[in-house]
Amino acid sequence: MAVGEVMRMEVPAGGDLTVTSPELHVLAVDDSIVDRKVIERLLRISSCKVTTVESGARALQYLGLDGDKGVSNLKDLKVNLIVTDYSMPGLTGYDLLKKIKESSAFREIPVVIMSSENILPRIEQCLKEGAEDFLLKPVKLADVKRIKQLILSNEAEECKNLSHSNKRKLEEEDIDSSSSSSHDDSSVKDIPSSKRIKSESENRSSLL
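All figures in this text were calculated on a predicted structure; none of them were measured in a lab. (Residues numbered from 1 in each chain as written. Predicted model: local features only at pLDDT ≥ 70, side-chain atom pairs only at ≥ 80, totals over all residues. Heavy atoms only, no water.)

Q: Go over a nonpolar patch on the surface, please, and point to the residues and values.
A: Taken together, the side chains of Ile33, Val34 and Val38 present a nonpolar region at the surface, about 260 Å² in accessible area. Along the chain, valine 38 falls in helix H1 (residues 33-45). Using a relative accessible area of 38% as the deciding quantity, one classes valine 38 as partly exposed. (Patch = residues over 30% accessible without salt bridge, like charges linked within 9 Å, V, L, I, M, F, W, Y side chains within 5 Å. Areas by Shrake-Rupley, 256 points an atom, 1.4 Å probe, with all protein chains shown as cover. Salt bridge = Lys/Arg side-chain N within 4 Å of Asp/Glu carboxyl O. Helix = DSSP H or I, 4+ residues; strand = E, 2+ residues; numbered from the N terminus. Buried < 20%, exposed > 50% of the residue type's maximum accessible area, 1.4 Å probe, protein only.)

Here is the structure:
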């Protein structure tokens with residue numbers, strides 16, 4: 001997965017992957033303090049960890065995509081979802097979306113766009129650029145829960161695929177090991193015993 005970790009993953013010796021403690025860390029971006037408070041409240045009600053910033057530029061700084069180190073240690077930064085307003089001064093939500101999708105470190109993080117304007121070409125443009133969804137304001141609790149469930153489902157599927165991949169890898173290693181062992185045993189069986197060599201030597205001597 002990319003930088004965000006929705007779930008802590010543990011892979012025991014047997015290869016089965018255990019998923020525990022699901023939690024989303026959401027970066028919410030909006031220039032309106034009222035809308036920021038609303039989306040933050042809805043996300044916290046949905047048991048999400050929330051970081052809010054007031055502009056697209058501040059979001060890039062937080063993610064370390066502004067050319068500087070930003071306010072976060074990128075090694076420890078885990079963001080699972082970015083929710084941003086579309087219409088913001090300076091860097092718009094659409095511009096922020098493009099910046100994130102151009103980043104090799106963050107392109108896999110789902111981005112949801114919010115807007116109070118139901119403009120179909122704008123919605124289609126955002127979805128084409130890789131937005132996970134487009135929400136109309138005022139955002140409702142049902143919208144947040146639906147998005148959260150979608151992200152968790154996607155992460156669970158990725159975890160499941162990873163578990164199956166680990167199992168297949170272990171099985172292939174076992175097959176290779178078994179095949180190598182059988183080949184070695186066969187080679188040993190093909191080597192005549194010293195007793196048989198001695199007997200053949202005596203037979204040749206008696207014929208002479």
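After that view, the rundown keeps rolling.
Q: Kindly report on the pattern of salt bridges, identifying the contributing residues and their values.
A: For the structure on display, the rule yields seven salt bridges. Here lysine 137 and aspartate 30 are joined by a salt bridge, their closest N and O atoms 2.7 Å apart. In this pair, lysine 137 is assigned in the loop between strand S7 (133-136) and helix H5 (141-190) and aspartate 30 in the loop between strand S3 (25-29) and H1, connecting sequence segments 107 residues apart. Through salt bridges that share partners, Asp30, Asp35, Asp85 and Lys137 make up one connected network.

Q: Break down the UniProt feature "modified residue: 4-aspartylphosphate" (unreviewed entry) in the protein for me, citing the residues and quoting the values.
A: Under the feature "modified residue: 4-aspartylphosphate" (unreviewed entry), the UniProt entry names Asp85. Topologically, aspartate 85 is positioned in strand S5 (residues 81-85). Of the residues examined, aspartate 85 reaches a relative accessible area of 5% and is grouped as buried. Apart from residues no more than four positions distant in its own chain, aspartate 85 is found in contact with Val29, Asp30, Asp31, Gly93, Met114, Ser115 and Lys137. (UniProt positions renumbered as here; feature names shortened; annotations may be inferred. Contact = heavy atoms within 4.5 Å.)

Q: Which residues make up the sheet that holds strand S6 (residues 111-115), and what values do they have?
A: The strand order across the open sheet formed by five strands is S4-S3-S5-S6-S7, and the pairing between neighbours is parallel. If you trace the sheet from one side to the other, it starts and ends with strand S4 (49-53) and S7, each paired once. Across this sheet, the average inter-strand angle for adjacent strands is 20°, counted without regard to direction. Bridging between S3 and S4 involves five bridges; their strand directions are parallel. Across the sheet, alanine 28 pairs through a bridge with threonine 52, a residue of S4. Strand contacts of helix H2 (residues 56-63): S3, S4 and S5, with the helix running at about 150° to S3, the strand carrying the most contacts. The sheet strands contacting helix H4 (residues 120-128) are S6 and S7, and the helix crosses S7 at an angle near 145°. (Pairing = 2+ DSSP bridges. Axes fitted to C-alpha atoms, helices over the stretch in contact; angles between N-to-C directions.)

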